[in-house]
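# Summary of the model geometry
Residues per chain, in single letters:
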Amino acid sequence: MIPQGVKAMTIAVCGKWCLYDGQFGGIPMYNRGIARGYAEMGHEALLICPKWNPALPDESAPAPGIRILRIRLPHIPSRAMRGRFGGLARFAESWLISREVHRALDRLIATGAVQAAEFAESSLEGCHSAGRLKIPHFVRCHTPLTLLKSFYPPAEFRYGPAALRMEAALIRRAPLLTTPSDDLRRQIITPFGVPESRGSVV
């Protein structure tokens, strides 16, 4: 239930993948969980994600209080993600997703259809939007690529320098960052040069 004095909102939960569309992983599972939580409180959750499956509709409502907006992307062949230039291809894909998510949010905000938005740091979909939206928005920092890199052998880390710079720009421009622990908050605040006031533990 929405606390007294708080208005019901439509909150955009943006991501690269969507569990309702059959894509599994930590971020899509979290996005579905937070969307359910917003809906149970009386808000509306709008999941914004790429339209990976052309057979799916552009919009759908999989559950009460939850809608999905699927954005179309220029096609990047899956074979481009492998091999020598795979990191560059993944960066290009992330850049395109970020751009199209920002365009979709701009259209929604212009009509008053969305009142708040959130992004995940490591899937990079908020890079074009962070610090530039005319609504409250924040970036969840659960698994920054910059920190994850140290746990992988170089040959197994799939993201190149361009993606790491894109993540750094996203985190630095975000008006608010949330982390699941104070330890992770400290690991982000200092290396990324983010003011203490912008990091909150949730």
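Residues numbered from 1 in each chain as written. Predicted model: local features only at pLDDT ≥ 70, side-chain atom pairs only at ≥ 80, totals over all residues. Heavy atoms only, no water.

### Observations regarding empty space enclosed by the protein
- Under the counting rule described, the total for this entry stands at one cavity of 30 Å³ or more.
- In terms of lining residues, the largest cavity is bounded by Val 13, Gly 15, Trp 17, Cys 18, Leu 19, Tyr 20, Pro 28, Asn 31, Arg 32, Leu 47, Ile 48 and Cys 49.
- Among the secondary structure elements, those contributing two or more residues to the lining of the largest cavity are α1 (26-41) and β2 (44-50).
- Grouping the constituent residues of the lining of the largest cavity by class yields nine nonpolar, two polar and one charged. (1 Å grid on protein atoms, 1.4 Å probe; cavity = no way out; pocket = protein on both sides within 12 Å on 5 of 7 lines; lining within 4 Å. Points joined across faces, edges and corners; volume = space filled by probe spheres on them. Helix = DSSP H or I, 4+ residues; strand = E, 2+ residues; numbered from the N terminus. Nonpolar A, V, L, I, M, F, W, Y, C, P; charged D, E, K, R; others polar.)

### Some details on the packing of helix α4 (residues 161-173) against helix α5 (residues 182-192)
- Put simply, α4 and α5 touch, their axes get as near as 11 Å, and they point 100 degrees apart. As the angle between them shows, α4 and α5 are arranged roughly perpendicular. Taken together, the residues of α5 that come into contact with α4 (itself represented by Glu 167, Ala 168, Ile 171 and Arg 172) are Ile 188, Pro 191 and Phe 192.
- For the contact of α4 with α5, the per-class residue count stands at five nonpolar, no polar and two charged. (Axes fitted to C-alpha atoms, helices over the stretch in contact; angles between N-to-C directions. Parallel < 35°, antiparallel > 145°, perpendicular 65-115°, else oblique. Contact = heavy atoms within 4.5 Å.)

### Some thoughts on unusual backbone geometry
- Phi at Leu 124 is positive, roughly 65 degrees, even though this residue is not glycine.
- With respect to the helices and strands, Leu 124 occurs in the loop between β5 (116-120) and β6 (137-140).
- Leu 124 gets classed as buried once you look at its relative accessible area, which sits at 0%. (Buried < 20%, exposed > 50% of the residue type's maximum accessible area, 1.4 Å probe, protein only.)

### Comments concerning the sheet that holds strand β8 (residues 199-201)
- Taken together, the eight strands give an open sheet; going across it, the order is β3-β4-β2-β1-β5-β6-β7-β8, and neighbouring strands pair in mixed fashion. The open sheet has two edge strands with one neighbour each: β3 (59-63) and β8. For this sheet, the mean angle separating the axes of adjacent strands, direction not counted, is 25 degrees.
- Two elements, strand β1 (residues 10-14) and β2, share five bridges in a ladder whose sense is parallel. Bridging across to β2, Ile 11 finds its partner in Ala 45.
- Docked against the sheet, α1 engages β1, β2, β4 (66-71), β5 and β6, running at close to 175 degrees with respect to β1.
- On the sheet, α5 packs against β7 (177-179) and β8 and is oriented at approximately 165 degrees with respect to β8. (Pairing = 2+ DSSP bridges.)

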